[in-house]
Amino acid sequence: MKNEWPLWEVFIRGQHGLAHRHVGSLHAPDAEMAVKNARDVYTRRNEGVSIWVVRAGDITASSPGEKEPLFEPSNSKIYRHPTFYDIPDDVGRM
Amino acid sequence: MKAAAKIDMALFELALRMGDNDIVLAQRISAWCGHAPILEEDIALANVALDLIGQTKLWLDLAGEIEGAGRSADDLAFLRDARAYKNALLVERPNGDFAYTLMRQFLFDAWHLPMLRALKSSSEQRVADIAEKAEKEARYHLERTEDLIIRLGDGTQESHSRMQAALDDLYPFAGEFVAPDAIDDELASRKIAPALSEIGALYFDYLETALAEATLKAPVDAPVRKGGRKGLHSEELGYLLAEMQFLQRAYPGAKW
């Protein structure tokens, strides 16, 4: 397994104005080839206008064991949700 | 009996040569589907094959239209014998190992792109339209094969020696794409296609730069192996067509 190419996580922006979304991962020898492979593996059906790749090893993730201190405190703070306001139609996508 | 309208043979030949390169190479690389070294390459090669099949359809439809005998792109693809195929010999070379397949693709793409670019300004609108569409695909194909050639040529000792062996074997076939005959001269004088000497200069300049970056050496004074564009093929094309055409030959007119 040592000789395997590194793993890359692939993010694709589906339309202008939207954020890049994680779509999956793939193997590639370097960043440039990872973008090309992502084009061939994940945008065959016209899914995207932009591709990001990042080495999977460079992602720092939260640990599932930290769930309580990280996320639970916000459960009880409903006033942080912007549901008490009416968003005018002209604002569009937020 | 009504005299048959005169067929524009030079234009007909151009459409066949362009279309036959595409379909023969597409058939070759399709054979990797499910067998490429890694999933990403497998999908990428299949994508390229599909692009080339799409281009084949455009070129062979045009050939049928020029001929005016009612032959469709399918008829021309599946019911023509090897001697009537006008692809260059390079594209019918067998797949070999992955290095060989990639080098063949690279030598093709490196010619295909400048050729299509030039055909975009063809005096024949139907040719210019096909080139306009195909050029975008060819641009990506070359970007991709160039990246791979450089990475594998300038990679490990193993990858380098395989790429060099493939280049030694395939390089003599490159020259046929840009070796003009009377048909090419006529097409150039009518501004339907570029002078192949111009494409040849671009092609070999580009190859020199890219191969140097890949630390690969093109053989010096290699003879030019040609004949395919006149219908004189290597034995391998017969096997390729036998497989590709089997269904229509065995069950004429079969559809699904």
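Refer to the preceding data block for the structure.
Residues numbered from 1 in each chain as written. Chains lettered and ligands numbered in written order. Predicted model: local features only at pLDDT ≥ 70, side-chain atom pairs only at ≥ 80, totals over all residues.

> Break down the sheet that holds strand β1 (residues 7-13) of chain A for me, citing the residues and quoting the values.
All names here are of chain A. Taken in spatial order, the three strands make up an open sheet running β2-β1-β3, and their pairing is antiparallel. Bordering the open sheet on either side are β2 (20-27) and β3 (50-55), each of which pairs with just one other strand. Between one strand axis and the next, the sheet turns by 25° as a mean value, whatever way the strands run. In this sheet, β2 lies alongside β1 in antiparallel orientation, the contact comprising seven bridges. Residue Arg-13 lies in a different strand from β2, and its bridge partner there is His-20. (Pairing = 2+ DSSP bridges. Helix = DSSP H or I, 4+ residues; strand = E, 2+ residues; numbered from the N terminus. Axes fitted to C-alpha atoms, helices over the stretch in contact; angles between N-to-C directions.)

> Mind laying out the nonpolar core, listing which residues take part and the relevant values?
Formed by 72 residues in total, the largest nonpolar core has its most connected members in Ala15(B), Leu90(B), Met103(B) and Met163(B). Within the residue set of this core, elements represented by two or more residues are α1 (9-30), α2 (39-67), α3 (73-78), α4 (98-119), α5 (125-153), α6 (157-170), α8 (196-213) and α9 (235-250) of chain B. Tallying contributions element by element places α4(B) first for this core, with 13 residues. What Met163(B) contacts, discounting residues up to four positions off in sequence, is Ala99(B), Met103(B), Ile149(B), Leu152(B), Gly153(B), Ala214(B) and Leu216(B). By size, the runner-up hydrophobic cluster in this structure holds eleven residues, among which are Leu26(A), Met33(A), Ala38(A) and Ile51(A). (Core = buried A, V, L, I, M, F, W, Y, C linked by C-beta atoms within 7 Å. Buried ≥ 20, exposed ≤ 12 C-beta atoms within 10 Å, placed from the backbone. Contact = placed C-beta atoms within 7 Å.)

> Explain the environment of Arg162(B) to me, using residue names and the numbers behind them.
Residue and element names in this part refer to chain B. Looking at the element boundaries, Arg-162 is found in helix α6. When the 21 C-beta atoms within 10 Å are taken as the criterion, Arg-162 is described as buried. On a C-alpha basis, the gap between Arg-162 and Ala-99 in space is 6.0 Å, while along the polypeptide they are 63 residues apart.

> An account of unusual backbone geometry is requested, with residue identities and associated values reported.
All names here are of chain B. Located in the positive-phi region is Thr-215, a residue other than glycine, with phi close to 55°. A positive phi is found at Asp-221, a non-glycine position, where the angle reads about 55°. Taking the number of C-beta atoms within 10 Å as the measure of exposure, Asp-221 has 4 and is therefore exposed.

> Go over the interface of chain B and chain A with me, naming the residues and quoting the values.
With eight residues of chain B at the interface, the matching set in chain A holds eleven residues. Ranked by residues supplied to the side of chain B that touches chain A, first place goes to α2(B) with four residues. Taken together, the residues that form the side of chain B that touches chain A break down as three nonpolar, one polar and four charged. (Nonpolar A, V, L, I, M, F, W, Y, C, P; charged D, E, K, R; others polar.)

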